[in-house]
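The primary structure of each chain is shown beneath.
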Amino acid sequence: MNNKKVIFAFFAAIFVPCMIFSAGSDKNGIEDSIGIIRYGIYVGSNSGGENTQRLLYAETDAVSFQKTMTEIGGIPASNGILLLDPTKSDLDDAMASVSKMINQNKIRSKRSEFVFYYSGHSDENSLLLGNSSYGYSELKAAISNIPSDVHVVILDSCYSGNFIRIKGGQRKKPFLMDDSSVVKGHAYLSSSSSQEFAQESAEIGSSFFTNALLTGLRGAADSSGDKKITLNELYSYAFSETLSKTENSGVGPQHPNYNITLVGSGDLVLSDISNSDSMVLLSADLNGQVFIRDRNGKLISEINKVSDVPVYLALEKGDYSATVIQKKATLQGNFSITNGKVYELSEKSFRQIATASNRLRGTDNGGNSDSEGSQGRESGSGRANGKIAFDLSKEEKFVPIEFSFLMNEFSRNSGKRIVTPFALSILYSKVYRVNGAMITVGVQQADYVRFAQIAGIGNYTNEFNGAQIAGIYNTTQDGQGLQAAGIYNNVQDMHGVQAAGIFNNAKELHGIQAAGIVNKADEVKGIQGAGIVNMAGKMKGIQGSGVVNIANDIHGIQGSGAVNIAKKTEGVQCSGGVNVAREVHGVQLGFVNIADQLHGLQIGLLNISRNGVFELGSSFTSNRNIRFTFNTGSQYLYGILGGSVSGKFMFNDYDGKQKFNAIYGIGTRLRKGKFNLDFEVIRIAENESSDDDEDGDDAFSVSFTSIFVPTLRLSAGFTPVKHFNIFTGCSFSFDYGESADVYKNLEKNLIIYCKDDFKIFPEIDLGFRFTIN
């Protein structure tokens, strides 16, 4: 008996922990071996409508959270929906889409989990989505209706603690850790209490709460050291970090709240950093306040490493810098991470700098707080900022006018970050914060610019509100206003206008992106226009170019003079040449239209789709005419090209003359199983041919005329085997005036005479079709 217990315990210790990470271990996020699938909706809204101050980082926080959950949170990109500045109906549509996905996957999944993240404005009663709102009670009901086994809701907004209190919600002790993860129920996390502001900071480029969540999910919250971040670990870490960073702010301390009601045993694993393609290891001997920034200077992680145990962090491949602030020294170093590698940071990886630039968490001896740039996500008209424009931390120095010839000759020896209302330079200047204008003949760089940044060659900034203008290039992480360059613009997030003579590049743009040659964007909401080429990862609005448009997802109009290419089209895809789309929900209008999956209409000379109409057919009519047709398009509307000749050459009365009549038109088809019913409207154009030319030599000649006869045709078909259809039908051609010549040499077994020489030629035909697709 004891041996059996030992064996059972051995297998339990090996296999049961593999089941804890409920989202699956597949890096691509499909599903794990036990069939647990995770879904997510990520919402970011900088705008809270009238009488609210526009936020700076709510939407970028949502993008960062989506990216983290896709990389290490077990939510595949196909199961996640990102909504930026949405309306209430957009949110309802997203939840309906997730519900549909869950129902479709129920057969192959044992359990489903749903994560809802919101960053933006809210008040005591609802989320504020621009000019619309979403009441907490209604939101909670909508989320509860999503048919997943587990609901995780994270709200980063002011007064979001009210969501937890709605309908009797109360704080409950999180469930205990166990050796299994068979849980059902909900977990609600809010960034603040029911009466508190949620704050964001320009220094970290994020909200305090979301920054703590992201840092924790990437490994900082792993108190157990198993490389898995549980719900308990993440909440504890986010609470501690958020409170410590806001307790001395001008807005006041921020206390994250929770409500967790999960039935079953085991804690919910929210991220597994072992799934990351690259990691950094903070070695056991490294202690102190660790700041890790990317190559652009953006703060990625801030960790207070006090224990003598190693800490793993999941980071993307790239170049980073790190600063470690200790009691008696400050260390700095740079490192690079590649995929499939774990980079170890120890004290040997750093160099000691002469002056430690510690940022105080409390107040200095003069009573000055260092909580720089935090702003509340409040819904009222007043500002909740902790400081005004020129409040300085100990690391900053105010300069009335910053002048530089080569590289900040007059201020760089101060060892502090320069804050100024006006910066002027000849060749190069680097300033931390400019509240006014920054002008240079050459190149200039700034972390934050408010108003104008103008350069003869180039501008680089992390964030600007106003105008950024350069003779050659502009690049920024977050811009609101106008960005113009003679050659090149690059931006991570843009709210306004981006214009360049040659090339624009944007990760996300809400406004207008215009270039003389090329535009490139991951997501555009508005208008993207180029003289030659447009490229967009996702597009909502209008994408227009003189030659080529390329987009992953079109919700609106995609128009070009030559070629349109899109993975998914919802709206209109129009070009003078070729339209190509993987999936079409709308209309393709062009000379040639190509779609993998067609759920709409194709209008053009040649229409190709995998699930549409693409077939060759031939028939013999009761008037001894032979017809052949080429049909392309959707079953609801397809185009017809073909011809008709008299079949009398097969009989003894053939006189050597032949009439070739061109056929073109449109049709629609109703399908039911293997049967189909077609209705077509066609026109027949007369063309005359002969076996002998005028000199009596054997030849084949064709003469074209411009006489057209309208025809209506109704046919019924049957498909006995795949790709082959037999049909029979009747057609009615209408003759009036000169159009009678079209039938002069054709057999006419039946003619219906009507008023004023108006005649109807009915025909019955029998034929077959070969389906190519």
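Cut-offs used in this document
- Residues numbered from 1 in each chain as written.
- Predicted model: local features only at pLDDT ≥ 70, side-chain atom pairs only at ≥ 80, totals over all residues.
- Heavy atoms only, no water.
- Helix = DSSP H or I, 4+ residues; strand = E, 2+ residues; numbered from the N terminus.
- Buried < 20%, exposed > 50% of the residue type's maximum accessible area, 1.4 Å probe, protein only.
- Contact = heavy atoms within 4.5 Å.
- Areas by Shrake-Rupley, 256 points an atom, 1.4 Å probe, with all protein chains shown as cover.
- Core = buried A, V, L, I, M, F, W, Y, C linked by side-chain atoms within 4.5 Å.
- Polar contact = N/O pair within 3.5 Å; in protein donor to acceptor, adjacent residues only side chain to side chain.
- 1 Å grid on protein atoms, 1.4 Å probe; cavity = no way out; pocket = protein on both sides within 12 Å on 5 of 7 lines; lining within 4 Å.
- Points joined across faces, edges and corners; volume = space filled by probe spheres on them.
- Nonpolar A, V, L, I, M, F, W, Y, C, P; charged D, E, K, R; others polar.
- pLDDT = per-residue confidence, 0-100.
- Pairing = 2+ DSSP bridges.
- Axes fitted to C-alpha atoms, helices over the stretch in contact; angles between N-to-C directions.
- Phe/Tyr/Trp six-rings, centres within 6.5 Å; stacked < 30°, edge-to-face > 60°.
- Lys NZ or Arg CZ within 6 Å of the ring centre and 35° of its normal.
- Expected span 1.5 Å × (residues − 1).

Another aspect to go through is the overall build of the protein chain. Along the protein chain, the regular secondary structure elements total 7 helices and 48 strands. Every one of the 773 residues in the protein chain was classed for burial, and the buried ones make up 51%. A separation of at least 24 residues holds for 48% of the contacts in the protein chain among residues at least 6 apart in sequence. For the protein chain, the computed accessible surface area is about 33700 Å², with 59% contributed by carbon and sulfur atoms.

Burial of nonpolar side chains together is a common tendency in soluble globular proteins. In terms of nonpolar packing, the biggest core is built from 49 residues, with Phe65, Ile154, Leu282, Ile292, Leu313, Phe335 and Leu345 touching the most fellow members. Among the elements that take part in this core, helix 6 (residues 208-220) stands out by supplying 6 residues, more than any other. Within the second largest apolar cluster, 25 residues are counted, among which are Tyr39, Ala94, Ala142 and Val153.

What follows covers the side chain of His121. As for its position among the elements, His121 is in strand 3 (residues 111-122). For His121, a relative accessible area of 0% translates into the label buried. A polar contact of 2.7 Å, which involves the side chain of His121, links it to the backbone oxygen of Gln53.

What follows concerns empty space enclosed by the protein. What the rule picks out here adds up to 6 cavities of 30 Å³ or more. In this structure, the largest cavity encloses a volume near 130 Å³. Along the walls of the largest cavity sit 15 residues, with Ser619, Arg627, Thr629, Glu680 and Arg713 positioned nearest its centre. Elements that contribute at least two residues to the lining of the largest cavity include exactly strand 40 (613-621), strand 41 (625-633), strand 44 (675-692) and strand 48 (759-771). Of the residues in the lining of the largest cavity, the class split is 5 nonpolar, 5 polar and 5 charged.

In this model, Asp85 sits at a positive phi of 50°, which is unusual for a non-glycine residue. Within the secondary structure, Asp85 sits in the loop between strand 2 (80-84) and helix 3 (88-105). Judged by relative accessible area, which is 35%, Asp85 ranks as partly exposed. Positioned with a positive phi, Asn408 is a non-glycine residue whose angle comes to about 50°.

Attention shifts here to the confidence of the model for the protein chain. Keep in mind that low pLDDT regions are not for reading the predicted coordinates in detail. On average, residues of the protein chain score 77 in pLDDT, and 79% of them are at 70 or above. Of all the helices and strands in the protein chain, helix 1 (residues 2-15) carries the lowest mean pLDDT, 44, while strand 2 carries the highest, 93. The low-confidence segment residues 165-181, where pLDDT is below 50, has 45 contacts with residues more than four positions distant or belonging to other chains. Scored below 50 in pLDDT, residues 692-706 shows 23 contacts in the model against residues more than four places distant or in partner chains.

Okay, the sheet that holds strand 16 (residues 311-314) next. Here 3 strands make up an open sheet; going across it, the order is 16-13-19 and the pairing mixed. Each having just a single partner strand, strand 16 and strand 19 (342-345) make up the two edges of the open sheet. When the angles between neighbouring strand axes are averaged without regard to direction, this sheet yields 25°. Relative to strand 16, strand 13 (residues 279-282) runs antiparallel, the two being bridged by 4 bridges. In the sheet register, Leu282 faces strand 16, and the bridge partner there is Val311.

Its place among the elements puts Ser634 in the loop between strand 41 and strand 42 (638-646). Among the residues examined, Ser634 registers a relative accessible area of 3% and is labelled buried. A polar contact of 3.1 Å, which involves the side chain of Ser634, links it to the backbone nitrogen of Leu637. Sequence-distant contacts of Ser634, that is, excluding residues within four places in its chain, are made with Leu598, Gly600, Leu601, Gln602, Gly612 and Val613.

Counted according to the given criterion, the structure contains 12 aromatic pairs. Their ring planes at 20° and their centres at 5.3 Å tell us that Phe335 and Tyr343 sit as a pair that is stacked. A relative accessible area of 3% means that Phe335 is categorised as buried. Note on Tyr343: relative accessible area 29%, which makes it partly exposed. A network of ring pairs unites the aromatic residues Tyr42, Phe65 and Tyr117 as a single cluster. For the cation-ring pair, Lys227 lies above Tyr312, with the distance from its terminal atom to the ring centre recorded as 4.2 Å. Arg769 extends its terminal NZ or CZ atom over the ring of Phe727, reaching a point 4.0 Å from the ring centre.

With that out of the way, let us pick up helix 2 (residues 58-72). In this model helix 2 runs 21 Å from its N-terminal to its C-terminal C-alpha over 15 residues, within 8% of the 21 Å that 1.5 Å per residue would give. Along helix 2, the residues classified as buried are Ala58, Glu59, Asp61, Ala62, Phe65, Thr68, Met69 and Ile72. Positioned one or two residues after helix 2, Gly74 has a phi angle of 75°, which is positive.

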